[in-house]
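Residues per chain, in single letters:
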Amino acid sequence: AQSVTQLGSHVSVSEGALVLLRCNYSSSVPPYLFWYVQYPNQGLQLLLKYTSAATLVKGINGFEAEFKKSETSFHLTKPSAHMSDAAEYFCAVRDVNDYKLSFGAGTTVTVRA
Amino acid sequence: DVKVTQSSRYLVKRTGEKVFLECVQDMDHENMFWYRQDPGLGLRLIYFSYDVKMKEKGDIPEGYSVSREKKERFSLILESASTNQTSMYLCASRGQGSTFSGANVLTFGAGSRLTVL
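All values derive from a computational prediction rather than experimental measurement.

### Points about the overall build of chain A
Right, on to step 1. Across its full length, chain A holds zero helices and eleven strands.
Right, on to step 2. Along the chain direction, N to C, the helices and strands of chain A fall in the order β-β-β-β-β-β-β-β-β-β-β.
Right, on to step 3. The C-alpha atoms of chain A give a radius of gyration of 13 Å, which matches the 13 Å a tight globule of 113 residues would have.
Right, on to step 4. Overall, chain A is about 45 × 25 × 20 Å in size when its C-alpha atoms are taken along their principal axes.
Right, on to step 5. Summarising the internal contacts of chain A: among those between residues at least 6 apart in sequence, 56% fall at separations of at least 24.
Right, on to step 6. In chain A, 9 side chains carry a positive charge and 8 a negative one; their mean positions are 2 Å apart.

Right, here's the structure in full:
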């Protein structure tokens, strides 16, 4: 079964600074990869997904992620943080022929004014 | 847009009580899921249903059961609630495509926060 590691449970950035959230998965076979965001007291929303097309994936709200097979990574970035980006972010992975989506432990992003 | 509705946002129950968490989706999705979310542990899958009356155990099914009598509704049941089941419970559904393939995304409900005293 797939496993997902998110490095850093908390990230604090200044408004306007780069946001970088790290995600590594366990499989040697490229799976489907997702980033979800959870705002306070809400469910999870999809930010973006990788499905074996372009390795650089653009999502909503200015986020993007790059799939690197050699590093088994799918790190999420945003060039310039906004106060509204304060939330918890989850990386998730699913094998191509499996129903199960496995989530990382999550990274909470705080944005300083 | 797909809407996944969880009937209760906040519940407080006592140890030993039977608890029902209800989830309804409005887009005729075949697949529905129940996850549990705890700080530092992310989301863990409790049960999955791929069709009416069909279910599969996830990673942490102990102490839980599920019911799917109609396609749009997936219920999570705690037969005898315990304090270690205090958590946020998230329901999700997934759209068209075969059960075990495709990159179709999960759509989540807003969550049900359960406190067991």
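Let's pick the thread back up.
### Overview of the interface of chain B and chain A
Right, on to step 1. Contacts between the two partners involve 27 residues from chain B and, on the opposite side, 23 residues from chain A.
Right, on to step 2. Counting the surface lost from both chain B and chain A, the interface buries some 1900 Å², and carbon and sulfur atoms represent 54% of this.
Right, on to step 3. Viewed at the interface, chain A and chain B are joined by one salt bridge.
Right, on to step 4. Linking A:Lys100 and B:Asp59 is a salt bridge whose minimum nitrogen-to-oxygen distance equals 2.3 Å.
Right, on to step 5. Here chain B and chain A share five residue pairs in polar contact (both at pLDDT 80 or more) between them.
Right, on to step 6. At the level of elements, β4 (31-38), β5 (42-51), β6 (54-57), β9 (87-94) and β10 (106-108) of chain B are the ones that each hand at least two residues to the side of chain B that touches chain A.
Right, on to step 7. Ranked by residues supplied to the side of chain B that touches chain A, first place goes to β5(B) with four residues.

### Points about the nonpolar core
Right, on to step 1. Ranked by size, the top nonpolar core spans 27 residues in total, and within it A:Leu21, A:Trp35, A:Leu47, A:Leu48, A:Phe74, A:Leu76 and A:Tyr89 carry the most contacts.
Right, on to step 2. Grouped together as the second largest cluster of nonpolar side chains are 20 residues, B:Leu11, B:Tyr64, B:Leu78 and B:Cys91 included.

The rules behind these values
- Residues numbered from 1 in each chain as written.
- Chains lettered and ligands numbered in written order.
- Predicted model: local features only at pLDDT ≥ 70, side-chain atom pairs only at ≥ 80, totals over all residues.
- Heavy atoms only, no water.
- Helix = DSSP H or I, 4+ residues; strand = E, 2+ residues; numbered from the N terminus.
- Rg over C-alpha atoms; globule rule 2.2 N^0.38 Å.
- Contact = heavy atoms within 4.5 Å.
- Lys, Arg positive; Asp, Glu negative; His and termini not counted.
- Charge placed at Lys NZ, Arg CZ, Asp CG, Glu CD.
- Buried area = accessible area lost by both parts, 1.4 Å probe.
- Salt bridge = Lys/Arg side-chain N within 4 Å of Asp/Glu carboxyl O.
- Polar contact = N/O pair within 3.5 Å; in protein donor to acceptor, adjacent residues only side chain to side chain.
- Core = buried A, V, L, I, M, F, W, Y, C linked by side-chain atoms within 4.5 Å.
- Buried < 20%, exposed > 50% of the residue type's maximum accessible area, 1.4 Å probe, protein only.

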